[in-house]
Amino acid sequence: MDYTLLVSIIVVVALLVVGGFFLVKARRSVTPGKEEAKPEVVEKTGTAAPEKDRDRDPGTVVTPPAQAPPVEEPLPASPVEPAEPEIETPPPSAGRMVRLRARLARSQSSLGQGLLNLLSAKNLDEDAWEEIEDTLITADIGVTSATQIVENLRTRVKVLGTRDTDDVRALLREELLAQIGSDTDRAVRTGPLGDRPAVIMVVGVNGTGKTTTSGKLARVLVGDGHSVVLGAADTFRAAASEQLQTWGSRVGAPVVRKEEGADPASVAFDAVARGVEDGADTVIIDTAGRLHTKTGLMDELGKVKRVVEKKSQVDEVLLVLDATTGQNGLRQARVFAEVVNVTGIALTKLDGTAKGGIIVQVQRELGVPVKLVGLGEGPDDLAPFDPEVFVDAILG
């Protein structure tokens, strides 16, 4: 009995142990909610296995998934440098006024034709001579010059007793040339002078065209084969230095400039220094426009000239006058001549007006010759003044 009970207990214990073993194994092999892991497919390649697979057999690595090629970012576009302005070759100064003679004749023909009609009339009475004198005064020749011309003409016409148009024209031509001065030295000193450039200061009141005249003068000189340096000493107007820079770049002339409001005398001095350093033939200094009635501004112009002369002599002081201003232009000329010793006149806006008589008057009052005339708005419309061409254009 006891033996049978003992065997039964052993059998039950054995069954429990075996059953528990199989139950634990079944739970380990299948986990609820998870699929059985599949073996990874491996290939033999020359690529090193990932770190998680290094416990596998040597020489077998997992092939990495294919990757898209990297997208190359476009290189930033390089800044586009502005194209260098094309250097122009201006025409020489010789013959410029002759080429512009037709334009001058169109604007001045009323003056000349009116005088010729009066002088060739059959009856040259006192009223006719007064009308001739008034016509000359209206052209801004001035009372003194007009009176002298009329007196000389009256005497010569009476002596010769002529009314022929060609003869009268010849007489009037001679009188006008005598008043203008056909034998006056009108050359602009452009250097070089020894080991330094010629220095030209361009002065005048606001609105007469100083900066434009400076740029056009540079074109004239470059056309004649000179090397030029421009000085933008009009530091009161930012547009002035920009305008001068444009003129200079067209003909390859360097421009010395500073920020707006800088000392104009220092700019002028640096321009002359640059001209000496570069071995230039000519330095043109464009100064600020100033009212001739403002003493302080005129004194500052004198300072510019004095500072420049510490580096080099000033060879020309060109006063720019507007031909349409008449008597006011003459008053301007007097004040500027007192401050900076004007050596020549550049007369602008001579086309489109019958006020060319200012040439005679300003020369008589100041003893300063007209050296340059502006006959239009084109870049090459500045010409050395030729009295004979001018008078012939007036008379037609």
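Summary of the structure given here.

What counts as what
- Residues numbered from 1 in each chain as written.
- Predicted model: local features only at pLDDT ≥ 70, side-chain atom pairs only at ≥ 80, totals over all residues.
- Heavy atoms only, no water.
- Helix = DSSP H or I, 4+ residues; strand = E, 2+ residues; numbered from the N terminus.
- Buried < 20%, exposed > 50% of the residue type's maximum accessible area, 1.4 Å probe, protein only.
- Lys, Arg positive; Asp, Glu negative; His and termini not counted.
- Salt bridge = Lys/Arg side-chain N within 4 Å of Asp/Glu carboxyl O.
- Contact = heavy atoms within 4.5 Å.
- Pairing = 2+ DSSP bridges.
- Axes fitted to C-alpha atoms, helices over the stretch in contact; angles between N-to-C directions.

A few words on the side chain of Lys 216. Mapping Lys 216 onto the fold places it in helix α7 (residues 210-223). Put simply, Lys 216 is tucked away with no salt bridge, and the nearest opposite charge, on Asp 381, sits 5.3 Å away. The contact partners of Lys 216, leaving out residues within four places of it in the chain, are Trp 247, Gly 376, Glu 377, Gly 378, Pro 379, Asp 381 and Leu 382.

Take the sheet that holds strand β4 (residues 282-287) next. The strand order across the open sheet formed by eight strands is β3-β2-β4-β1-β5-β6-β7-β8, and the pairing between neighbours is mixed. Two strands in the sheet have a free side with no partner beyond their single neighbour: β3 (255-256) and β8 (382-384). In terms of strand pairing, strand β5 (residues 316-322) meets strand β6 (residues 344-348) through five bridges, oriented parallel. Each residue of the ladder has a partner; that of Leu 321, found in β6, is Leu 347. Strands β1 (198-203), β2 (228-233), β4, β5, β6, β7 (370-374) and β8 of the sheet are contacted by α7, whose axis makes an angle of about 170° with β4.

What follows is about the environment of Val 220. The topology assignment puts Val 220 in helix α7. With relative accessibility at 4%, the residue Val 220 sits in the buried group. The spacing of Val 220 and Arg 96 is 124 residues in sequence and 9.5 Å in space, taken between C-alpha atoms. In this structure Val 220 touches Ser 93, Arg 96 and Leu 382, once residues within four positions along its chain are discounted.

With that settled, consider the environment of Pro 387. Relative to the helices and strands, Pro 387 is located in helix α13 (residues 387-395). Excluding its chain neighbours within four sequence positions, the residues that come into contact with Pro 387 are Leu 177, Ile 180, Gly 181, Ser 182 and Arg 186.

Note that all results are geometric; they support no functional claim without further evidence.
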